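Descriptive structure summary
Here is what each chain is made of, one letter per residue.
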Amino acid sequence: MDDCIFCKIINNEIPSTTIYEDDDIKAFFDISQVTPGHTLVVPKKHVQDIFAYDEDLAERVFKKVPMIARAIKASNPDIIGMNICQNNGEIAYQSVMHSHIHLVPRYSKDDDFSMHWGDNTGLVDNEQLQARADKIKQHLED
Ligand code: 5GP
Ligand code: ZN
């Protein structure tokens, strides 16, 4: 895509600090470095979001994430955990509309990353949960 910033990075039209590259993906540092080593794993094929992956692309992209995560972790003994996030849609904080996976190494409770998880345990009864699940099941593809 012509005006896509990540396509430009993939094509080396914009420089990036790249830690891994193959035929299918490029992994480079996020410019914001939320925490040191914050990396984006990006498919070379321009797909907007998770909803646009077919199984083959998903396999080729996501299978590389553990290897890259391990390398980041092994690079620094201060890394004691990692959040892996994948934002889809503006409401979900996606700002670059070329799909990507964030690998955010974690150093302490006070590093510069946080997430809020609401807790709605027990607010919906089992019947409602089952109805919700059934609606999703109707749309699963083989
Ligand atoms: P999103 O908000 O879409 O999940 O994440 C997009 C990420 O892309 C942001 O964390 C942002 O810092 C990063 N980003 C935006 N422009 C550039 C750039 O030109 N180079 C790099 N390396 N990262 C970028
Ligand atoms: Zn793109």
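Preceding block: the structure.
Let us look at the structure shown here. Everything quoted here is computed from the prediction, not taken from an experiment.

**Some thoughts on the coordination of the zinc ion (ligand 2)**
The protein atoms that coordinate the zinc ion (ligand 2) are Cys 4 (SG), Cys 7 (SG), His 46 (ND1) and His 98 (ND1), at distances spanning 2.1 to 2.3 Å. If you look at the zinc ion (ligand 2), its 4 donor atoms make angles of 103 to 117° with each other, and the shape they trace is tetrahedral. Donor residues for the zinc ion (ligand 2) sit on one chain with the sequence pattern C-x2-C-x38-H-x51-H. Taken together, the residues span a long stretch of sequence, with His 46 in the loop between strand E3 (39–43) and helix H2 (55–62) and His 98 in the loop between strand E4 (81–85) and strand E5 (101–106) at a distance of 52 residues. Overall, the relative accessible area of 25% leaves His 46 in the partly exposed class.

**Concerning the nonpolar core**
Ranked by size, the top nonpolar core spans 15 residues in total, and within it Val 41, Val 61, Ile 68, Ile 101 and Leu 103 carry the most contacts. Among the elements that line this core, the one with the most residues is helix H3 (residues 65–74), at 4 residues. Among residues more than four places away in sequence, those in contact with Ile 68 are Ile 19, Tyr 20, Ile 25, Ala 27, Val 41 and Leu 103.

**Here's the deal with the side chain of Asn 87**
Tracing the sequence through the fold places Asn 87 in the loop between E4 and E5. Setting aside anything within four residues of it in sequence, one finds Asn 87 in contact with Ala 92, Tyr 93, Gln 94 and His 102.

**With respect to the sheet that holds E3**
Ordered in space as E1-E2-E3-E5-E4, the 5 strands form an open sheet in which the pairing is antiparallel. With one partner strand each, in any of the chains shown, strand E1 (18–21) and E4 form the two edges of the open sheet. In this sheet, neighbouring strand axes are inclined to one another by 15° on average, regardless of whether the strands run parallel or antiparallel. Relative to strand E2 (residues 25–29), E1 is paired through 3 bridges, and the arrangement is antiparallel. Looking at the pairing, Glu 21 lines up with Lys 26 of E2. Along the sheet, H3 contacts E1, E2, E3, E4 and E5; its crossing angle with E5, the most-contacted strand, is approximately 30°.

Calculation criteria
- Residues numbered from 1 in each chain as written.
- Chains lettered and ligands numbered in written order.
- Predicted model: local features only at pLDDT ≥ 70, side-chain atom pairs only at ≥ 80, totals over all residues.
- Heavy atoms only, no water.
- Donors = N, O, S within 2.8 Å, 3.2 Å for Na, K, Ca; no water.
- Tetrahedral: all angles 85-135°; square planar, octahedral: opposite > 155°, others 65-115°.
- Helix = DSSP H or I, 4+ residues; strand = E, 2+ residues; numbered from the N terminus.
- Buried < 20%, exposed > 50% of the residue type's maximum accessible area, 1.4 Å probe, protein only.
- Core = buried A, V, L, I, M, F, W, Y, C linked by side-chain atoms within 4.5 Å.
- Contact = heavy atoms within 4.5 Å.
- Pairing = 2+ DSSP bridges.
- Axes fitted to C-alpha atoms, helices over the stretch in contact; angles between N-to-C directions.

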